[in-house]
Structure formats: structure tokens, C-alpha cells
Amino acid sequence: LDRARPPTDEECARSIGAKQFATLYVDLAEAHEGLGNTEEALQAYRHALACRPRSLRIHTLIAKVLFAARQFDAAGAAAGEALAIDPREVESNRLAGNLDFVDERWADALARFRYVASSDPDPESAAFAQLMFWVSQRRAGVAKPEWIPRRLDEEWPRPLVLFVKGEYDEADLVRFIRKSGDEHWAGGALDRQLASSLFFVGETLWSRGEPELARRYFAAVVNVGLADTDEYRLAMSEIAKLSLR
């Protein structure tokens, strides 16, 4: 960026190199995120947005950083900016659904997760939206939650789907994760399976009227340490809410 000498924020969008300047700022922001420098990351993302003010991706990235920092009102505003550009964009709707879930706006959360579960072209990501759709219904007090018809061919997260639907118990989840560990899953996949399992078991317990036990599961999600995941961010929010009860 020093060598590129980007123009001021007021001038960047009109400059010839606006797209490249935005890319450099996004790279810088992601580096700061990796170091845990939230404010520096936000500043770099906002410089990027000044260069590409209609970039849905940059609006969504800003919203995700704000969500991770638990600045929920600001995250909601950033997600709203993204959705104003494209109301059908999947990741922006997922993030908005997470924010609705945190605030227990169940009707809005259900609408968001229903849309993502139906529209996400990635089967695994769609399955996680299905899971959020299910637990949102359970937390809202729906006795018989709806499941959106869609094929689930992947080995994961099928065990979680079976668990929330009552066809698996915790022992079945443990056996699956141990089997995954025995097969030496790479790239942190085993930790992600563990964190997801702990989170959805915790949500199921809360919906059954066991919030204190759920809190232990949410704490275990945080202890796994995958701060870049939705489960980690949502678990942190649930712990904060339970602490006020």
C-alpha cells in the first residue's frame, strides 16, 4: 500500500486503480484479523469500502468482524447495507440470521435460515443453515420443528442432523468424532466437528429447559478455540446472555 500510494477515501472510488486498492486493503484487513487486531482490521476494511462502496463482499466482511467483536448493532447495520445491494445474497442472509438468533427475534431468524437452507449451493453450508433453522424453532417453543426437504449426501454434518432430530444421542456423536480422529482428519476438521457438536448439543439442552447445562457446552465450544467460526461467536453470545439470567 505504501508503494501503491492509494488516494484518499474521498477520491479512491473515482480513481483508476480503485479495484486494486480495495484488494490491497482487504488483504491488510485479513492480516489484522489473523492477529486479532479488530480495530485495525475494521479501519482497513472501511478504506476498502471507500474504494468499492457497492462491494457486497466488503460490507459482509465488515459485518462479520463486528459480529465477532459482539458489536451487534453495528454488525446489523453493515449486514443491512449488504442486503440492500443484493437481498438474495446467501452469506449476508446467514449473518443477518445469526444476529436475529442472538437477539431472539425468532420469526426473523427462521425466515433467514429457511432461505439460506433452501438457496445455498454448497450442501454442507446449507445443512448448517438447516441446523440453525431447526434449533431456532426449538428455542422459539415449536413442538414439532419443520425440516426443509433437501438431500444430505455428505458424511458430515449428517450426525448432527440426526442428533437434533432425535435419531442420534450424544454417545453416537462421540463415536462419530472418535472415528473421525482415528482417520486423521486434516485441516482442523476434527476440531470443527467437535465445536459444532458441542454447540448444537448446548442449544438442544437449552430448548429442553436446561440452560445451566447448556452453558457448560457453550464454554466447551469456546475452549476448542476456533474463533473464526459461527459456533464460537454464537456460543460467546449465548454465554453472555446466560450470565445475565
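Quick look at the structure, then. What you see as residue numbers is a count from 1 along each chain, following the sequence as written. Given that the model is predicted, a residue must reach a pLDDT of at least 70 before its local features are reported, and side-chain atom pairs must reach 80 or more before they are shown or counted; all residues, however, enter totals for whole chains, interfaces and linings. The side-chain figures draw on all heavy atoms in the structure; neither hydrogens nor water molecules are used.

1. Description of the overall build of the protein chain
Which entries qualify depends on this criterion: We count a stretch as a helix when DSSP gives it H or I for four or more residues in a row; a strand needs E for two or more, and each element gets its number in order from the N terminus. It is over C-alpha atoms that the radius of gyration is taken, and the globule rule equals 2.2 Å times the number of residues to the power 0.38. Working definition: with a 1.4 Å probe on protein chains only, accessible area under 20% of the residue-type maximum means buried, over 50% means exposed, and in between means partly exposed. We call two residues in contact when some of their heavy atoms are within 4.5 Å. Areas reported as accessible are Shrake-Rupley estimates using a 1.4 Å probe. Residue values count occlusion only from the protein chains shown. Here the positive residues are Lys and Arg and the negative ones are Asp and Glu; neither His nor the chain ends is included. The location of each charge is read from NZ of Lys, CZ of Arg, CG of Asp or CD of Glu.
A tally of regular secondary structure across the protein chain gives 13 helices and zero strands. Computed over the C-alpha atoms, the radius of gyration of the protein chain is 19 Å, within 12% of the 18 Å expected from 2.2 N^0.38 for a compact globule of 245 residues. When its C-alpha atoms are laid out on the principal axes, the protein chain stretches across 60 × 40 × 40 Å. Taken across its 245 residues, the protein chain has 46% of its residues classed as buried. Considering only residue pairs separated by 6 or more positions, the protein chain has 53% of its internal contacts joining residues 24 or more positions apart. By element, 50% of the accessible surface of the protein chain is carried by carbon and sulfur atoms, the whole surface being about 12,600 Å². Across the protein chain, the centroid of the 32 positively charged side chains sits 3 Å from that of the 39 negatively charged ones.

2. Let's talk about the state of the cysteines
Spelled out, the test is: The disulfide definition used here is simple: a pair of cysteine sulfur atoms within 2.5 Å.
Under the criterion given, the structure shown has one disulfide. Note on cysteine connectivity: Cys12 is disulfide-linked to Cys51, with sulfurs 2.0 Å apart. One disulfide, between Cys12 and Cys51, carries an S-S torsion of 95° and so falls in the right-handed class. Residue Cys12 is located in helix α1 (residues 9-12), and its partner Cys51 is located in helix α3 (residues 38-51); the two are separated by 39 residues in the primary sequence. Neither residue differs from the other here; Cys12 and Cys51 are each classed as buried.

3. Digging into the packing of aromatic side chains
How we decide: Ring geometry is summarised as follows: Phe, Tyr and Trp rings, the Trp one being its six-membered ring, pair when their centres sit within 6.5 Å, and such pairs are stacked at plane angles under 30 degrees, edge-to-face over 60 and tilted between the two. A ring has a charge above it when a Lys NZ or an Arg CZ is no more than 6 Å from the ring centre and no more than 35 degrees off the ring normal.
Counting across every chain of the model gives eight aromatic pairs. Judged by centre distance (5.3 Å) and plane angle (80°), the rings of Phe101 and Trp106 are edge-to-face. In this structure Phe101 comes out as buried when scored by relative accessible area, which is 0%. The rings of Phe128, Phe199, Phe200, Trp206 and Phe218 are connected pair by pair, giving a single aromatic cluster. Sitting above the plane of the Trp206 ring, Arg139 keeps its charged end 3.7 Å from the centroid.

4. Describing the nonpolar core
The condition is simple: Residues belong to one nonpolar core when they are buried, are Ala, Val, Leu, Ile, Met, Phe, Trp, Tyr or Cys, and are joined through side-chain atoms within 4.5 Å.
If you look at the biggest cluster of nonpolar residues, it comprises 68 residues, and the most contacted ones within it are Ile62, Phe67, Met132, Phe199 and Phe200. The biggest single contributor to this core is helix α8 (residues 123-139), with eight residues. Not counting the four nearest positions on each side in its chain, Ile62 is found in contact with Leu42, Tyr45, Arg46, Leu49 and Ala78.

5. A closer look at the packing of helix α6 (residues 90-102) against helix α13 (residues 230-243)
Note the following rule: Axes, fitted as lines to C-alpha atoms, cover a helix only where it is in contact. Angles between the N-to-C directions of the axes lie from 0 to 180 degrees. Throughout this description, any angle smaller than 35 degrees is read as roughly parallel, any larger than 145 degrees as roughly antiparallel, any in the 65 to 115 degree range as roughly perpendicular, and the remainder as oblique. If you view the pair so one helix is near and one far, a crossing is left-handed when the near helix is turned anticlockwise from the far one by less than a right angle, and right-handed when it is turned clockwise. Here the nonpolar group is Ala, Val, Leu, Ile, Met, Phe, Trp, Tyr, Cys and Pro; Asp, Glu, Lys and Arg are the charged ones; every other residue, Gly included, is treated as polar.
Running from N to C, α6 and α13 cross one another at 20°; their axes reach a closest spacing of 10 Å. With respect to α13, the element α6 is oriented roughly parallel. Where α6 crosses over α13, the two elements pack in a sense that is right-handed. In this structure, α6 uses Arg94, Asn98, Phe101 and Val102 to contact α13, whose residues at the interface are Asp230, Leu234, Ser237, Glu238 and Lys241. Tallied by class, residues from the contact of α6 with α13 come to three nonpolar, two polar and four charged.

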